Amino acid sequence: MIFFGKEEVKFTETILRDAHQSLMATRMKTEDMLPIAEVLDEVGYDSIECWGGATFDVCMRYLNEDPWERLRQLRKRFRKTKLQMLLRGQNLLGYNHYPDDVVDAFIRKSVDNGIDIFRIFDAFNDVRNLERAAHAAKQEGAHVQLALAYTVGRKYTFKYWKSLAKELEELGADSICIKDMAGLLMPYDADKLVKILKRTVNVPVHVHSHCTSGVAPMTYLKAVEAGCDVIDTALSPFALGTSQPATEVMYETLKAGGFEVELNEDALAIASEYFRDIRRKAEQEGLIDIKVMDVDTKTLQYQVPGGMLSNLHMQMKEQNMEDRFDEVLREIPRVREDLGEPPLVTPSSQIVGTQAVFNIMTGERYKMASKQTKALLKGEYGRTIKPFNRAVQKKVLGKENPITCRPADLLKPQFFSKKMELGEKAPTEEILLAYILFPQSAEAFYEKKE
């Protein structure tokens, strides 16, 4: 079936953020990005996702780089293409909620340094945790893309997604993204979901998925046929596996199918060849594990997202527990059920994954609970789609009472008090925010820089 006369399908390129986060634990360096940035700017992408997610922490902790400087350098080179970042709502780029004044300041400085589009999501799809970030981005004149953290389960019906999308539009979304972190969105479900959203909201619909389970390219095709406006892809050297479908393949497929797609093929070819060399270098340095390149249909059962899978495998390797990896994977759905069945995306994916490791390591479920598991069960991350397992909650919390309000309502303003405390250690607001979000990484990085 050929779909002539369809509206234009646009591309968001993920190679500078999610692709290398998924395949090589976010280890691509700024020096590898800058030489090809001006070529990428000529491709004709709707946007380039180049910041946010795990990049901020990893820059300081592992790469000895300033994440703000990376953004500034990229902004200088991308003169035509919008720059996009992934933001975890009230969590910003960290694993805990931050006070509203910190959210405001971080978004203001992100815009000042070059971000055009904020893709904002909450790990629990708790809209209360999106409100402040969405409002702050609007105030700064940025494009606010609010995301449905897609997952599956008895409560996650089409009716639920329709209702959530409407809430996000009312919150001020300029576009809505179906964010499928683990490759769980099946092709025919994508067809139904996109059609429902296109009838429900009056803003563009984006689709983001991962190839972890093998279905994402087919899912994209059905989503586009159903009317989605933008798809997230990665240039082929860093595509597939736990990353996104390949940009070149989706482009050629849609072009042959009669869709209006406009990308500069010469620039695409140059960029692909460049990143092929970066890929070879990463393989030689042992940064890409063969496991993250496999199609793993167990993903449909365990619902583990790509970035979590590669990091979990690395974590197990470091603990000499690699031989028990499958046991941990089987434990993950049980922990998720106990914790209110949240979508597995940062930070809930890390919390569930770490707790599953503890349960297997100790031989007794919840004998040892992480600080984050306790915070989750207390309600400090927000409201889950279904209640927590009460027996588990009681075992972990003891006599402590859970909270029911928006978690950030309990947090005192921190930006200016931290500024006074740090003094000359944080001479700019950017450095101050780095200290607030990742104090240990910032301390080590900026002291070494001095």
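Residues numbered from 1 in each chain as written. Predicted model: local features only at pLDDT ≥ 70, side-chain atom pairs only at ≥ 80, totals over all residues. Heavy atoms only, no water.

A. Geometry of the overall build of the protein chain. Looking only at helices and strands, the protein chain features 20 helices and 8 strands. Scaling as 2.2 N^0.38, a compact globule of 450 residues should have a C-alpha radius of gyration of about 22 Å, and the protein chain matches this with 21 Å. Principal-axis analysis of the C-alpha atoms gives the protein chain an extent of 65 × 50 × 45 Å. Taking all 450 residues of the protein chain together, 60% fall into the buried category. Carbon together with sulfur atoms contributes 50% to the accessible area of the protein chain, which is approximately 18600 Å² in total. (Helix = DSSP H or I, 4+ residues; strand = E, 2+ residues; numbered from the N terminus. Rg over C-alpha atoms; globule rule 2.2 N^0.38 Å. Buried < 20%, exposed > 50% of the residue type's maximum accessible area, 1.4 Å probe, protein only. Areas by Shrake-Rupley, 256 points an atom, 1.4 Å probe, with all protein chains shown as cover.)

B. Expanded view of a negative patch on the surface. Taken together, the side chains of Glu7, Glu8, Glu260 and Glu262 make up a negatively charged region of the molecular surface. Of note, Glu262 is situated in the loop between α10 (247-256) and α11 (265-284). (Patch = residues over 30% accessible without salt bridge, like charges linked within 9 Å, V, L, I, M, F, W, Y side chains within 5 Å. Salt bridge = Lys/Arg side-chain N within 4 Å of Asp/Glu carboxyl O. Lys, Arg positive; Asp, Glu negative; His and termini not counted. Charge placed at Lys NZ, Arg CZ, Asp CG, Glu CD.)

C. Representation of the packing of helix α8 (residues 187-200) against helix α9 (residues 216-225) in the model. Where α8 contacts α9, the axes come no closer than 8 Å and their chain directions differ by 30°. On the basis of the axis angle, α8 is roughly parallel to α9. Judged by the sense of rotation from one axis to the other, the crossing of α8 with α9 is right-handed. Of the residues in α9, those in contact with Pro187, Tyr188, Ala190, Asp191 and Val194 of α8 are Met218, Thr219, Lys222 and Ala223. Broken down by class, the residue content of the contact of α8 with α9 amounts to 6 nonpolar, 1 polar and 2 charged. (Axes fitted to C-alpha atoms, helices over the stretch in contact; angles between N-to-C directions. Parallel < 35°, antiparallel > 145°, perpendicular 65-115°, else oblique. Left-handed = near helix turned anticlockwise from the far one by under 90°. Contact = heavy atoms within 4.5 Å. Nonpolar A, V, L, I, M, F, W, Y, C, P; charged D, E, K, R; others polar.)

D. Representation of the sheet that holds strand β1 (residues 10-13) in the model. Spatially, the 8 strands close up into a barrel ordered β1-β2-β3-β4-β5-β6-β7-β8, and their pairing is parallel. Taken pair by pair, the neighbouring strands of this sheet meet at an average axis angle of 30°, ignoring direction. Across 4 bridges, strand β6 (residues 175-179) lies against strand β7 (residues 205-208) in parallel orientation. Within β7, the residue paired with Ile176 across the bridge is Val205. Along the sheet, helix α6 (residues 131-139) contacts β3 (82-87), β4 (117-120) and β5 (143-149); its crossing angle with β5, the most-contacted strand, is approximately 160°. Here helix α7 (residues 158-170) sits on the sheet in contact with β5 and β6, set at roughly 160° to β5. (Pairing = 2+ DSSP bridges.)

E. Up close: the side chain of Glu13. With respect to the secondary-structure elements, Glu13 resides in strand β1. The side chain of Glu13 is buried and forms no salt bridge, while Arg17, the nearest opposite charge, is found at 11 Å. Among the polar contacts listed, one links the side chain of Glu13 to the backbone nitrogen of Ile15, at a separation of 3.1 Å. Contact partners of Glu13, with chain neighbours within four places excluded, come to Tyr45, Ser47, Ile48, Glu49, Thr233, Ala234, Leu235 and Thr247. (Polar contact = N/O pair within 3.5 Å; in protein donor to acceptor, adjacent residues only side chain to side chain.)

F. Seen up close, the environment of Gly172. With respect to the helices, strands and loops of the structure, Gly172 is situated in the loop between α7 and β6. Through-space distance from the C-alpha of Gly172 to that of Cys405 is 22 Å; in sequence the pair is 233 residues apart.

G. Here's a closer look at the UniProt feature "domain: Pyruvate carboxyltransferase" (unreviewed entry) in the protein chain. Under the present numbering, the feature "domain: Pyruvate carboxyltransferase" (unreviewed entry) in UniProt falls on residues 9-269. Counting secondary structure, residues 9-269 comes out at 42% helix and 15% strand; the distance between its end C-alpha atoms is 20 Å. (UniProt positions renumbered as here; feature names shortened; annotations may be inferred.)

H. Focus on empty space enclosed by the protein. The final tally for this structure, using the stated rule, is 1 cavity of 30 Å³ or more. Put simply, the largest cavity is a space of about 50 Å³. Residue lining of the largest cavity: Asn91, His97, Asp122, Ala123, Phe124, Pro347, Ser348, Ile351, Leu376 and Tyr381, and that is the complete set. Taken together, the residues of the lining of the largest cavity sort by class into 6 nonpolar, 3 polar and 1 charged. (1 Å grid on protein atoms, 1.4 Å probe; cavity = no way out; pocket = protein on both sides within 12 Å on 5 of 7 lines; lining within 4 Å. Points joined across faces, edges and corners; volume = space filled by probe spheres on them.)

I. Broad picture of the nonpolar core. Within the largest apolar cluster, 108 residues are counted, with the highest numbers of intra-cluster contacts made by Leu16, Leu40, Leu87, Phe106, Ile178, Phe238 and Phe275. Per-element tally for this core: the top contributor is helix α19 (residues 429-437), with 7 residues. Setting aside its immediate chain neighbours within four residues, Phe106 contacts Trp51, Phe56, Trp68, Met85, Leu87, Leu92, Leu93, Leu433 and Leu437. By size, the runner-up hydrophobic cluster in this structure holds 35 residues, among which are Phe121, Met316, Ala375 and Tyr381. (Core = buried A, V, L, I, M, F, W, Y, C linked by side-chain atoms within 4.5 Å.)

J. Region of interest: α9. Within α9, burial applies to Ala216, Thr219, Tyr220, Lys222, Ala223 and Val224. Looking at the packing, one finds that the buried side of α9 touches α8, β7, β8 (230-233) and α10. Positive backbone phi, at 115°, marks Gly227, one or two positions downstream of α9.

K. The arrangement of the pairing of β3 in detail. Counting buried positions along β3 yields 5 of 6 residues, so the element is predominantly enclosed. In this structure, strand β2 (residues 47-52) lies alongside β3, joined through 5 bridges in parallel fashion. Across the sheet, Trp51 pairs through a bridge with Met85, a residue of β3. Two strands pair when backbone bridges link them, and β3 and β4 are joined in this way by 4 bridges, in the parallel orientation. Its bridge partner lying in β4, Gln84 is registered against Ile117. After leaving β3, the chain enters helix α5 (residues 100-112) and then returns to the sheet as β4, a path that is right-handed. (Right-handed = clockwise from strand over helix to strand, strands pointing away.)

L. Local environment of the pairing of β6. In terms of burial, β6 is a largely internal element, 5 of the 5 residues being buried. Residues of β6 alternate between two faces, with Ser175, Cys177 and Lys179 on one and Ile176 and Ile178 on the opposite face, all of them buried. Bridge count for β5 against β6 is 5 bridges, and the pairing is parallel. Bridge pairing links Leu148 to Ile178 in β6. Once the chain exits β5 it traverses α7 before rejoining the sheet at β6, and the crossover so formed is right-handed. Each parallel crossover has a hand, and for β6 linked through α8 to β7 it is right-handed.

M. Local environment of unusual backbone geometry. Even without being a glycine, Ala25 presents a positive backbone phi close to 50°. Along the polypeptide, Ala25 turns up in the loop between α1 (18-24) and α2 (30-40). Judged by relative accessible area, which is 4%, Ala25 ranks as buried. In this structure, Glu341 takes a positive phi of about 55° despite not being glycine. Here Glu341 is to be found in the loop between α14 (325-338) and α15 (348-362).

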